[in-house]
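A structural walkthrough
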Amino acid sequence: FKSPATTVFAEPGFLAGGVASITATLDYHTPAKADYCAHVATYLPRYSDQWQRWHKAATAPMKQAEFAEFVEEVRGDIVEPEAARLLDIVRTFKASKKVEFDSVVYQPNGDVTLAYDERTEQKGQSGALPETMKIGIPVYFRGTTFAVPVFVRFKVSGGAVQFQIKIDRADVIEDAAFAEL
């Protein structure tokens, strides 16, 4: 049913509120004639389970046990470092925070000098936590696998270590997968 007036509109999910779409309007307007645009076909590609799982995990910090469980569940996606090594690092990870505060008041003129120093140190029997890791997952269901860089962050808060992951340039990776689609 394609005609010279048929027009295709495509928008990746990161530009459209998280829902990718491809819409073909078979009877779109031409310069010579306005048409009704009554015949439309729409395709909404499904995101892969892996893509959704990693995006969901990147939304909130995880406690150490939660992060270790997450790494264990997604070990098949992790390309670098080796998943077993990363799991061992996370399980034996320890961090401490040291805060030093210093103030000096000069009596003659009342000037005050303040110094504040906060340092977080990590320790672990299996090595340091890597700052980044690489995963291999498809963006869309049954799509091509992409190498996706992921930042790994930690902080000491409330007497416990919390881990946070962030997909590096998820929009660029989705755009490449969408262009291929």
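Up top is the structure these notes are about.
Conventions adopted
- Residues numbered from 1 in each chain as written.
- Predicted model: local features only at pLDDT ≥ 70, side-chain atom pairs only at ≥ 80, totals over all residues.
- Heavy atoms only, no water.
- Buried < 20%, exposed > 50% of the residue type's maximum accessible area, 1.4 Å probe, protein only.
- Helix = DSSP H or I, 4+ residues; strand = E, 2+ residues; numbered from the N terminus.
- Arc of directions from axis to C-beta.
- Contact = heavy atoms within 4.5 Å.
- Pairing = 2+ DSSP bridges.
- Axes fitted to C-alpha atoms, helices over the stretch in contact; angles between N-to-C directions.

On to helix α4 (residues 170-180). Burial in α4 covers these residues: A170, I173, E174, A177 and F178. One side of α4 carries all its buried residues, which in axial view fall inside an arc of 135°. For α4, the exposed residues lying more than 90 degrees away from the buried face are A179 and E180. Here the buried face of α4 lies against β1 (7-11), β2 (21-25), α1 (49-57), β9 (145-157) and β10 (160-167).

Note that A170 resides in helix α4. Residue classification places A170 among the buried residues on the basis of a relative accessible area of 15%. C-alpha separation for the pair A170 and V150, spaced 20 residues apart in sequence, amounts to 9.3 Å. In this structure A170 touches W51 and H55, once residues within four positions along its chain are discounted.

Strand order in this open sheet of three strands is β1-β2-β3, and the pairing throughout is antiparallel. In this open sheet, the two strands that pair with only one neighbour each are β1 and β3 (40-43). The average angle at which neighbouring strand axes cross in this sheet is 15°, direction not considered. Bridge analysis of β2 against β3 gives four bridges, and the strand direction is antiparallel. Bridging across to β3, T25 finds its partner in V40.

A few words now on the sheet that holds strand β8 (residues 132-138). The five strands are arranged β4-β10-β9-β8-β5 in an open sheet whose pairing can be described as antiparallel. One side of each edge strand has no neighbouring strand; the edge strands of this open sheet are β4 (62-63) and β5 (78-80). Relative to β10, β4 is paired through two bridges, and the arrangement is antiparallel. Looking across to β10, one finds that K63 is bridged to Q162. Together, β4, β5, β8, β9 and β10 form the strand contacts of α1, whose direction differs from that of β8 by roughly 145°.

With that out of the way, let us pick up helix α3 (residues 83-91). Along α3, the residues that are buried comprise A83, L86, L87, I89 and V90. Summarising the axial view, the buried residues of α3 lie within an arc of 160°, below the 170-degree limit, and thus occupy one face. With respect to the buried face of α3, the exposed residues turned more than 90 degrees away are A84 and R91.

This paragraph deals with the pairing of β2. Along β2, four of the five residues are buried, which leaves the element largely enclosed by surrounding structure. Note: β1 against β2, five bridges, orientation antiparallel. Considered in β2, the bridge of V8 is made with A24.

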